[in-house]
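Overview (structure and organization)
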Amino acid sequence: MQQGPEDRPDYGNYGRHPEPGDESYGYRGSEHETRGMMQGKSSMSPQDEKTWSILSHLSVLTGLVGLMPFGALIVWLVYKDRSPRVGFHALQSLWYQLAWIVILIVGWSITFILSLILIGFLLIPVMAIASVVPFVHGCYAAYRVSQGVDYRYPFIADRIDGGRGRTAAR
């Protein structure tokens, strides 16, 4: 029985299953051509791809010094053409961090405004917990990538790959 490329461990499907009509999942040409197709246009070793993918998720920790999205942006700009896998992880990490920046700015602004009306102090613990979430989730994503899983952030990964990713590797 011939295995499909999605069944092979070295196939870069980024956590999504093949869909009917998706040519990138079919076999074409010789074994040599198929291996090249499965590895994409990557000019990096699998270990380097894994390392830079992990670092793109851990770049959320630069938010502790006020530089949250810049680490993922730099990884994406440098490696997007060298490795589709690293580019995917860095781009989803970048959008995830930007989304959390917007969420936290809006949340803390509402908390501050309501504090002036004397009921906002109730939101301070909620916003303090919400402020920690992106750091914990980013570290969790980095851990999953280090375990060999192409982690996909909910909602964001589907937007990046054009809605083709129906299943998430969590």
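See the structure above.
What you see as residue numbers is a count from 1 along each chain, following the sequence as written. The predicted origin of the model limits local features to residues at a pLDDT of at least 70 and limits the giving and counting of side-chain atom pairs to 80 or more, whereas totals for whole chains, interfaces and linings rest on all residues. Excluding hydrogens and water, the side-chain values take into account all heavy atoms of the structure.

1. Structural notes on the overall build of the protein chain
Along the protein chain, the regular secondary structure elements total six helices and zero strands. Starting at the N terminus and walking to the C terminus, you meet the elements of the protein chain as α-α-α-α-α-α. Between buried and exposed lies partly exposed: a residue is buried under 20% and exposed over 50% of the maximum accessible area for its type, with that area taken using a 1.4 Å probe on protein chains only. Across the 170 residues in the protein chain, those meeting the buried criterion constitute 37%. Between two residues, a contact is recorded if the distance between any of their heavy atoms is within 4.5 Å. A separation of at least 24 residues holds for 59% of the contacts in the protein chain among residues at least 6 apart in sequence. All accessibility values rest on the Shrake-Rupley procedure with a 1.4 Å probe; residue burial counts only the protein chains present in the view. Summed over all atoms, the accessible surface of the protein chain reaches about 10100 Å², with 67% contributed by carbon and sulfur. What counts as a helix is a DSSP run of H or I of at least four residues, what counts as a strand is a run of E of at least two, and both are numbered from the N terminus.

2. Looking at helix 4 (residues 84-116)
Under the convention used throughout, the expected extent of a helix is 1.5 Å for every residue step, that is, one less than its residue count. With 33 residues, helix 4 extends 48 Å between its outermost C-alpha atoms, agreeing within 8% with the 48 Å of an ideal straight helix rising 1.5 Å per residue. Just beyond helix 4, the residue with positive phi is Leu118, at close to 75°.

3. Some details on the packing of helix 2 (residues 46-58) against helix 4
In this analysis, axes come from line fits to C-alpha atoms, helices being fitted only over the stretch in contact, and the angle between any two N-to-C directions falls in the range 0 to 180 degrees. Put simply, helix 2 and helix 4 touch, their axes get as near as 8 Å, and they point 5° apart. If you check the angle between helix 2 and helix 4, you find them roughly parallel. Across the interface between the two elements, Pro46, Glu49, Lys50, Trp52, Ser53, Ser56 and His57 of helix 2 pack against Arg85, Val86, His89, Ala90, Gln92, Ser93 and Gln97 of helix 4. Amino acid classes used here: Ala, Val, Leu, Ile, Met, Phe, Trp, Tyr, Cys and Pro are nonpolar; Asp, Glu, Lys and Arg are charged; the rest, including Gly, are polar. Of the residues belonging to the contact of helix 2 with helix 4, the class tally is four nonpolar, seven polar and three charged. We call two directions roughly parallel when the angle between them is under 35 degrees, roughly antiparallel when it is over 145, roughly perpendicular when it lies between 65 and 115, and oblique otherwise.

4. Details of the nonpolar core
To form a nonpolar core, buried Ala, Val, Leu, Ile, Met, Phe, Trp, Tyr and Cys residues must be joined to one another through side-chain atoms within 4.5 Å. Counting 12 residues, the largest nonpolar core is built from Ile54, Tyr96, Trp100, Leu104, Met127, Ala130, Ala141, Ala142, Val145, Tyr151, Tyr153 and Ile156. Within the residue set of this core, elements represented by two or more residues are helix 4 and helix 5 (124-146). For this core, the element with the highest residue contribution is helix 5, accounting for five residues. Those residues in contact with Leu104, other than ones at most four positions away along the chain, are Met127, Ala130, Ser131 and Pro134.

5. Concerning a nonpolar patch on the surface
A contiguous nonpolar surface patch, about 970 Å² in accessible area, is contributed by Trp108, Phe112, Ile113, Leu116, Ile117, Ile119, Phe121, Leu122 and Ile124. Top contributing element to the nonpolar patch by residue count: helix 4, with four residues. Mapped onto the elements, Leu122 comes out in the loop between helix 4 and helix 5. Like charges are joined within 9 Å and nonpolar side chains (Val, Leu, Ile, Met, Phe, Trp, Tyr) within 5 Å, but only among residues with over 30% relative accessible area and no salt bridge; these make up the patches. Within this document, salt bridges are pairs made up of a side-chain nitrogen of Lys or Arg and a carboxyl oxygen of Asp or Glu, the two lying within 4 Å of each other.

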